[in-house]
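One-letter residues, chain by chain:
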Amino acid sequence: MSKVIIPENYTPVIDFMESQRAIKKIKDFFQQELAYGLSLRRVTAPLFVAPETGLNDNLNGVERTVSFTVKDMGEKPVEIVQSLAKWKRMALGKYRIQPGNGIYTDMNAIRRDEELDNLHSIYVDQWDWEKVITKEQRTEEYLREIVTNLYNALKNLGDYVNRLYRNLRTELPNEIFFVTTQELEDMYPDKTPKEREDAITEEKRAVFIMKIGGTLKSGRRHDGRAPDYDDWELNGDIILWNEILGQAFEISSMGIRVDEKAMEKQLKEAGAEDRRAMEFHRMILGKELPYTIGGGIGQSRLCMFFLRKAHIGEVQVSIWPEDMIKECSENNIFLL
């Protein structure tokens, strides 16, 4: 069910046309920071993939893909990507990228089952990135190092936007706070996972929540993760505190990717062992693909946060329920 938060007395800080200019400046600046900070090179990426390859992202395992058939290939079915988590790893192997280097791309996706609100649209745009690492770098210490590099890029972007627009002031803490999902459950045993994220992020302002996907001591999961790309012991989300909406605001989901052992373990735990027959999964289990770390960074999310917008529809064109459009319009939130 669609829902929307209306901040009290909300007025956009910069108008529509200036926002359009600012969006381009933000995207141009940040992708340079991303590429430089992580030694990445931009590549082109697919909009659709063949389902039998296993390359499409299953997200939480319940979301339906958007699919169609190709006339000139005997009505072969293909799927619009939901993310490029698996495709990037295949690409790194194909391009023979060496450890220490990687790729990034503009990823556009359709997620038809999203519940539409201030943060979620059926249209997804993000920078998908992936970097080759060694077996020895599959550690929490290395994960923290990469997260710190990404956070520094976010801080540099914040400083850049603050210089461009003196009336847009976004202050981030000097360091990002690291916490595991189990530590969060121990700290806030009576709260839901979302309430825990809100509580810790309001206190720390910038948080990396680690180890998402596995079962906690309570027998529950903090959040769902597909079993075949992130290693649930070596992943996490970068979350910032959104002052406009008064809630935790996810900017990036990322992690060190599964090796053959983590793939076996997580497919079994998720009851998804049938995926072993797919090309991508066979190559991981057969040690035919490089070890990698990677993630996605929401482009519209980034623009929304640093331009202090109340709704993602203020920075991207999508489709929204009529009642949401009307309610937003009545409260100075103009959806594109």
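What counts, and where the lines are drawn
- Residues numbered from 1 in each chain as written.
- Predicted model: local features only at pLDDT ≥ 70, side-chain atom pairs only at ≥ 80, totals over all residues.
- Heavy atoms only, no water.
- Salt bridge = Lys/Arg side-chain N within 4 Å of Asp/Glu carboxyl O.
- Helix = DSSP H or I, 4+ residues; strand = E, 2+ residues; numbered from the N terminus.
- Buried < 20%, exposed > 50% of the residue type's maximum accessible area, 1.4 Å probe, protein only.
- Axes fitted to C-alpha atoms, helices over the stretch in contact; angles between N-to-C directions.
- Parallel < 35°, antiparallel > 145°, perpendicular 65-115°, else oblique.
- Left-handed = near helix turned anticlockwise from the far one by under 90°.
- Contact = heavy atoms within 4.5 Å.
- Nonpolar A, V, L, I, M, F, W, Y, C, P; charged D, E, K, R; others polar.

> Just to check I follow, could you spell out the pattern of salt bridges for this structure?
Should the charged atoms of two oppositely charged side chains come close, the side chains can pair. Scanning the model with the defined rule gives 31 salt bridges in all. When the shortest N-O distance is used, the salt bridge between Asp125 and Lys27 registers 3.8 Å. With a gap of 98 residues between them, Asp125 in strand S6 (residues 123-132) and Lys27 in helix H1 (residues 16-38) connect regions that are remote in the sequence. By relative accessible area, Asp125 is classed as buried at 8%.

> Sorry, what's going on with the packing of H1 against helix H3 (residues 140-164) here?
A pair of packed helices is captured by two measures, namely the crossing angle of their axes and the spacing between those axes. Between H1 and H3, the least distance of the axes is 10 Å, while the angle of their chain directions is 150°. Between H1 and H3, the crossing angle belongs to the class labelled roughly antiparallel. Like other packed secondary-structure pairs, H1 and H3 cross with a definite hand, here right-handed. Contact residues: H1 offers Lys25, Ile26, Phe29, Phe30, Glu33, Leu34, Gly37 and Leu38, while H3 offers Ile146, Asn149, Leu150, Ala153, Leu154, Asn156, Leu157, Tyr160, Val161 and Leu164. In terms of residue class, the contact of H1 with H3 is made up of 13 nonpolar, three polar and two charged.

> Just to check I follow, could you spell out the packing of H1 against helix H8 (residues 299-306) for this structure?
Interhelical geometry of H1 versus H8 gives an angle of 115° and a closest axis separation of 10 Å. Once H1 is placed against H8, the crossing between them reads as right-handed. For the pair H1 and H8, the contacting residues are Ile23, Ile26, Lys27 and Phe30 in the first and Gln299, Leu302, Cys303 and Phe306 in the second. Across the contact of H1 with H8, the residue classes break down as six nonpolar, one polar and one charged.

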